[in-house]
Amino acid sequence: MRILRCLLLLLILPLSGFAQEFPEKPAPPRLVNDFTKTLSPQELDALETKLVAYNDSSSTQIAIVMISSLGGYPVDDYSFQLAEKWGIGQKGKDNGVLVFVAKDDRKIFIATGYGMEGVMPDGLVKRIIE
């Protein structure tokens, strides 16, 4: 029985390293979240003000999240999962946009909800990133 437990533990431990770690959604919620401390307080406030105004006038929610590193995870998968976890966009409309930056990895990705695909097709998103 002890050998079986050891084998089971040896099989499970490597798998636990594959769980993605996401930053917690700040309370109170913000649309601009710079976990890298790259942006100045004035830049954060200016972006936040613009994105809140855009959200209020269009009902489309655009969020910006900046982290240091992905820890080896694919940027697209990480971005979509984070957007889902944080609930970016309106429920039922799926009209959220996440501009995601992994600074140290030099990766950027724009994750759009299904409700935004007509407004922001992949070609446009690629041009914005470039």
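Residues numbered from 1 in each chain as written. Predicted model: local features only at pLDDT ≥ 70, side-chain atom pairs only at ≥ 80, totals over all residues. Heavy atoms only, no water.

(A) Structural view of the overall build of the protein. Helix and strand counts for the protein stand at four helices and four strands. Scanning the protein from its N terminus toward the C terminus, one meets helices and strands in the order α-β-α-β-α-β-β-α. Looking at the protein as a whole, 32% of its 130 residues are labelled buried. For the protein, restricting intrachain contacts to residue pairs at least 6 apart in sequence, the fraction spanning at least 24 positions comes to 55%. Of the roughly 8900 Å² of accessible surface on the protein, 60% is carried by carbon and sulfur atoms. (Helix = DSSP H or I, 4+ residues; strand = E, 2+ residues; numbered from the N terminus. Buried < 20%, exposed > 50% of the residue type's maximum accessible area, 1.4 Å probe, protein only. Contact = heavy atoms within 4.5 Å. Areas by Shrake-Rupley, 256 points an atom, 1.4 Å probe, with all protein chains shown as cover.)

(B) Representation of the nonpolar core within the structure. Core analysis: the biggest nonpolar cluster contains 17 residues, and V65, I67, L70, Y78, L82, L98 and F100 have the highest contact counts within it. For this core, the secondary-structure elements that each account for two or more residues are β2 (61-67), α3 (75-86), β3 (96-102) and β4 (107-112). Here this core takes five residues from α3, the largest share from any one element. Those residues within four positions of V65 in sequence are excluded, and the remaining contacts are N33, F35, L82, W86, L98, V99, F100 and V101. Residues L31, V32, L51 and M66 belong to the second largest nonpolar core, which totals six residues. (Core = buried A, V, L, I, M, F, W, Y, C linked by side-chain atoms within 4.5 Å.)

(C) Highlighting the environment of L82. Here L82 is to be found in helix α3. In the structure, L82 is positioned 57 residues away from K25 in sequence and 9.4 Å away in space, judged by C-alpha atoms. Contacts of L82, omitting those with residues within four sequence positions, involve F22, P23, V65, L98 and F100.

(D) Inspection of the sheet that holds β4 at higher detail. Spatial ordering of the open sheet is given by β1-β2-β3-β4, a layout of four strands whose pairing is mixed. The two strands at the open ends of the sheet, each matched to only one other strand, are β1 (32-34) and β4. Averaged over all adjacent pairs, the angle separating strand axes in this sheet is 10°, with direction ignored. (Pairing = 2+ DSSP bridges. Axes fitted to C-alpha atoms, helices over the stretch in contact; angles between N-to-C directions.)

(E) Representation of the side chain of T60 in the model. Within the secondary structure layout, T60 lies in the loop between α2 (41-58) and β2. Non-local contacts of T60, meaning those with residues more than four positions away in its chain, are made with Y54, N55, N95 and M116.

(F) Structural detail: the pattern of salt bridges. Under the definition given, this model contains three salt bridges. Between K85 and E24 there is a salt bridge; the shortest N-O distance is 3.7 Å. Taken together, the residues K85 in helix α3 and E24 in the loop between α1 (2-16) and β1 connect sequence positions 61 residues apart. Residue class for E24 comes out exposed when judged on its relative accessible area of 60%. (Salt bridge = Lys/Arg side-chain N within 4 Å of Asp/Glu carboxyl O.)

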